[in-house]
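What the coordinates show
What follows is each chain in one-letter form.
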Amino acid sequence: MENLEENQIYTCPMHVNIEQKSPGMCSECGMSLVKKNNDKHAGHKTVSFLKKFWISLILTIPVLFYSDLIKNLFSFEAPTFTGSIYLSLILGSIIFFYGGSIFLTSAYRELKGRSPGMMSLISLAITTAYVYSVFVVILGNGNELFWELSSLITIMLLGHYIEMRSVKSAQGALKELSKLIPDFAELIKNNKNETKKVPISELKINDVILVRPGGRIPADGIVIEGESDVDESMITGESKPVTKNIQSNVISGTVNGNGSLIIKVKKIGENTFLSGVMRLVREAQASKSRLQLLSDRAAFYLTVIAIISGFSSFIFWIFFAPEFSFAIERLVAVLVIACPHALGL
């Protein structure tokens, strides 16, 4: 636990490029830094899942045609040729090592961190199915599971691609919101005779700032001089510019129109309206991560139950089955059947 805390990275919700190893304030906007979440998709790219999915799907089709499932259901016999009995082995091996490698490396990280979860369960199922099927093909005795293996990996890749895309879209929303805040503000000093460009982290409540035509408003405040139309569409969704004059409230991140505005700062940092919107997005992400933790915990228990049930079944059928291979098939079946439950989690 102490090592996890030592490796914890803190980042600004509004400026994601700001990172440090201890809590503090953002040097650009003054907001409190928050913990950067570590998830099971660390180091993964959404496009890699999609690419692996399409390649695995294409390779799964011939595996399906040469499986016993098609033969038994539709009485369809795939064309045979020299070495065709090894086609499922070759294609299944490519799918396992190429498409399944993401799950295997993620499971290694889970086990290394002593927190087996969903990836460990998936890896256990596909590894068991692959090793068993390889021995079936080599020994020529039993029912290989390359069709089940290929379809499981393909479906899992699709499911995790959809999950990563939703996570990336939420992170992208935060990045887009952070871009609305300008890095600097024009602070008025010496009774409006002088202006100074300062980072927005240096702004204080009741400071007076100048917003020129076309500029973004750096902090929530009230107009004390000037009149202009302000585009608030990125914040409120209102497409029509809103007229602002003396005593009008303005929101940070909105775009000033053709007039100049002199504004007295009323809210800064985490107290601004835009920060509140971003806080709601962060809370939505946090609630999802709590559900992910719950699902990983459930996957851990399911993994333990699957292993215990599988070996219990194996021991039982050793004594009552006519052949040893029958007991092995029951063991593999229990472990593989546990995998689709991970998709539900």
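Rules used in this analysis
- Residues numbered from 1 in each chain as written.
- Predicted model: local features only at pLDDT ≥ 70, side-chain atom pairs only at ≥ 80, totals over all residues.
- Heavy atoms only, no water.
- Pairing = 2+ DSSP bridges.
- Helix = DSSP H or I, 4+ residues; strand = E, 2+ residues; numbered from the N terminus.
- pLDDT = per-residue confidence, 0-100.
- Contact = heavy atoms within 4.5 Å.
- Expected span 1.5 Å × (residues − 1).
- Buried < 20%, exposed > 50% of the residue type's maximum accessible area, 1.4 Å probe, protein only.

Strand order in this open sheet of 6 strands is 5-4-6-12-7-10, and the pairing throughout is antiparallel. Every interior strand has two partners, whereas the edge strands, strand 5 (194–199) and strand 10 (249–250), have only one.

So, on to the confidence of the model for the protein chain. For the protein chain, per-residue confidence averages 78 on the pLDDT scale, and 80% of positions sit at 70 or higher. By mean pLDDT, helix 1 (residues 2–6) is the weakest element of the protein chain at 44, and helix 4 (residues 87–99) is the strongest at 92. Predicted confidence for residues 1–5 stays below pLDDT 50, and this span has 1 contact to residues more than four positions away or in other chains.

An order of 9-8-11 is seen for the 3 strands of this open sheet, with the pairing classed as antiparallel. On the outer flanks of this sheet lie strand 9 (242–244) and strand 11 (255–256), each paired with one strand and no other. With 3 bridges joining them, strand 8 (residues 228–231) and strand 9 adopt antiparallel strand pairing. When the sheet's bridge partners are listed, Ser228 is paired in strand 9 with Lys244.

Time to look at helix 2 (residues 46–65). Over its 20 residues, helix 2 runs 30 Å from end to end, which matches the ideal 28 Å to within 8%, given 1.5 Å per residue. Every buried residue of helix 2 is accounted for by Thr46, Phe49, Lys52, Phe53, Ser56, Leu59, Thr60 and Val63.

Another point: the pairing of strand 4 (residues 184–189). Relative to strand 5, strand 4 is paired through 6 bridges, and the arrangement is antiparallel. Across the sheet, the residue bridging to Leu187 is Lys196, located in strand 5. As defined by bridge partners, strand 4 adjoins strand 6 (residues 208–211) across 2 bridges and the pair is classed as antiparallel. For Glu186, the partnering residue across the bridge sits in strand 6 and is Leu210.

Further remarks concern the side chain of Asn256. Mapped onto the fold, Asn256 is located in strand 11. What Asn256 contacts, discounting residues up to four positions off in sequence, is Val211, Arg212, Pro213, Gly214, Gly215, Ser228, Asp229, Val230 and Leu261.

For Ile162, the position within the fold is in helix 7 (residues 146–179). Among the residues examined, Ile162 registers a relative accessible area of 43% and is labelled partly exposed. Ile162 sits 113 residues away from Phe49 along the chain, and the two C-alpha atoms are 9.1 Å apart.

Note that strand 7 (residues 220–226) and strand 12 (residues 261–267) share 6 bridges and pair antiparallel. By the bridge assignment for strand 12, Glu225 is matched with Ile262. The sheet contact formed by strand 7 and strand 10 spans 2 bridges and is antiparallel. Residue Ile222 lies in a different strand from strand 10, and its bridge partner there is Asn249.

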